[in-house]
Amino acid sequence: MKRAYKIRLYPTIKQQVFFKKTFGCVRFVQNKYLELKQDIYKGTGKQFYPKLASFKEEWEWLHEADSQGLCNAIRDIEGAYTSFFNGKTKFPKFKRKNDKQSYRNGMMRKTIAELISDKRIFIPKAGWVKFRQDYDFADIHINKVCNITIELSKTGKYFCSILCDVIDYEPLPKNNYSIGIDLGIKDFLIDSNGFVTENPKYFRHSECKLAKEQRKLSHCVRGSQNYKKQKHRVALVHEKITNQRKDFQHKIAKRLIVENQYIFSEDLKVKNMLKNHKLAKSIADASWTSFTNMLEYKAKWYGRTYLKVSSFYPSSKLCNCCGYKNTTLTLGDREWTCPQCGSWLDRDKNAAVNILTEGTHILMTTVGLTEGGISTKDC
């Protein structure tokens, strides 16, 4: 199983200069490679595969950068081209200096012990770089290191992501508990047991501060030193919002994974939902996609089962007691009474219970589990 460990780097001035040179060289190679492929394809209608060696012969300063980082940049462009012609992604774009700055290096060291020593990590051409010890790598059973990615954040912080092949990863003890969750805006999560997790709305709470800093930025002369300082302050606000949201979602996802063997949620089409301009900001602030992605990979880590129910399943309109479908239910109806059995239903909890029922049915059909193998917790 592959797993990435992200650590904060504290490079020296000389190492920072090297990293920035490599970022610039990687961006130059990607843009030049993409430009050549476009020009030759428009002129001749044929594909062109320029070599990195020819680039280094023409521009000798490329030798100062990490060669593997340049090679991987070319591979990324080729991968983007292939994905585009297969209809999976959009056409690759040219990189800008203000875009994400990073490069990837295939690992030349075989073990984590050779790569990390005394809170320092070895990075080719940069040497040994200090980092903050957030993980105890001695306790992690790592077979090999696949690659490392060096990244510079918008706030000027350096990070290194270490992709490792982890062995002997111990899953959590199995249990028979299952849960259905309904994601919302007012409340972030409502589960089938009736437990409600409030939506912290980090962006909404920091919106006034962000607007104030952005207003100051708009008054600065673009490119001046004051402009760069104020731009850094704006990036700090965005970074804090992102870190708060990630921390909150990691904790909620870990709790659900630890407590339940089977987790079910709705397969939300967030891209389509964002077209509703009245709710787009709140939907983006909730960041449901990142949360469901966390549930997905954490479930694989810890030996749990996470399943998404089809977005066409009418979880909110069905009565979880008798199965009656309320076709007149609107988005503003948060509570309703079933006309067939007379049950009073809370919209969100009712949806979570129906998601649990449908998810259990799908799991029993595909995997072959029996009803006795899945149970729910008491409210």
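See the structure shown above.
J.: Explain the overall build of the chain to me, please; I cannot follow it from the model alone.
T.: Helix and strand counts for the chain stand at ten helices and 14 strands. Seen through its principal axes, the chain has C-alpha atoms that stretch 80 × 55 × 50 Å. Across the 379 residues that make up the chain, the buried fraction comes to 42%. A separation threshold of at least 6 residues defines the contact pool for the chain, and within that pool the share at least 24 residues apart is 68%. Per element, the accessible surface of the chain, about 22000 Å² overall, is 52% carbon and sulfur. Across the chain, 67 positive and 39 negative side-chain charges occur, with their mean positions spaced 7 Å apart.

J.: Is there a simple way to explain the nonpolar core in this structure?
T.: Residues Leu9, Phe19, Ile121, Ile123, Phe137 and Ile162 are the most contacted members of the largest nonpolar core, which totals 42 residues. Ranked by residues supplied to this core, first place goes to helix H1 (residues 13-44) with eight residues. Leave out the neighbours within four places in its chain, and isoleucine 123 touches Leu9, Phe19, Tyr103, Val129, Ile148 and Ile150. Phe248, Ile263, Trp288 and Trp301 belong to the second largest nonpolar core, which has 22 residues in total.

J.: When you look at the sheet that holds strand E3 (residues 120-123) in this model, what are you seeing that I'm missing?
T.: Paired through backbone hydrogen bonds, the strands of a sheet run either parallel or antiparallel to each other. If you walk across this open sheet you meet the six strands as E2-E5-E6-E1-E4-E3, and the pairing is antiparallel. Pairing within the sheet leaves two strands with one partner each, and these edge strands are strand E2 (101-106) and E3. Neighbouring strand axes in the sheet, compared pairwise and without regard to direction, differ in orientation by 40 degrees on average. Packing against the sheet, H1 makes contact with E2, E3, strand E4 (127-131), strand E5 (142-152) and strand E6 (158-166), and its axis sits at approximately 90 degrees to E2.

J.: It is not clear to me how the pairing of E3 should be interpreted in this structure. Could you clarify?
T.: Residues in a regular strand project their side chains so that they alternate between the two faces of the sheet. Pairing of E3 with E4, which is carried by four bridges, proceeds in the antiparallel orientation. Residue pairing across strands places isoleucine 123 opposite glycine 127, the latter belonging to E4. In this structure, the hairpin formed by E3 and E4 is closed by a connection of three residues, where lysine 125 is found at a positive phi of approximately 70 degrees.

J.: Is there a simple way to think about helix H3 (residues 67-85) in this case?
T.: Note: α-helices contain 3.6 residues per turn, so residues at a spacing of three or four share the same orientation. Spanning 19 residues, H3 covers 28 Å between terminal C-alpha atoms, matching the ideal 27 Å at 1.5 Å per step. Among the residues of H3, Gly69, Leu70, Asn72, Ala73, Ile74, Ile77, Glu78 and Tyr81 are the ones counted as buried. Among the structural elements, H1, helix H2 (52-58) and E2 are those in contact with the buried residues of H3. Where H3 begins, the side chain of aspartate 66 points an oxygen toward the backbone nitrogen of glutamine 68, at a separation of 3.0 Å. Remark: glycine 87 follows H3 within two positions and exhibits a positive phi of approximately 80 degrees.

The rules behind each value
Residues numbered from 1 in each chain as written. Predicted model: local features only at pLDDT ≥ 70, side-chain atom pairs only at ≥ 80, totals over all residues. Heavy atoms only, no water. Helix = DSSP H or I, 4+ residues; strand = E, 2+ residues; numbered from the N terminus. Buried < 20%, exposed > 50% of the residue type's maximum accessible area, 1.4 Å probe, protein only. Contact = heavy atoms within 4.5 Å. Areas by Shrake-Rupley, 256 points an atom, 1.4 Å probe, with all protein chains shown as cover. Lys, Arg positive; Asp, Glu negative; His and termini not counted. Charge placed at Lys NZ, Arg CZ, Asp CG, Glu CD. Core = buried A, V, L, I, M, F, W, Y, C linked by side-chain atoms within 4.5 Å. Pairing = 2+ DSSP bridges. Axes fitted to C-alpha atoms, helices over the stretch in contact; angles between N-to-C directions. Expected span 1.5 Å × (residues − 1). Polar contact = N/O pair within 3.5 Å; in protein donor to acceptor, adjacent residues only side chain to side chain.

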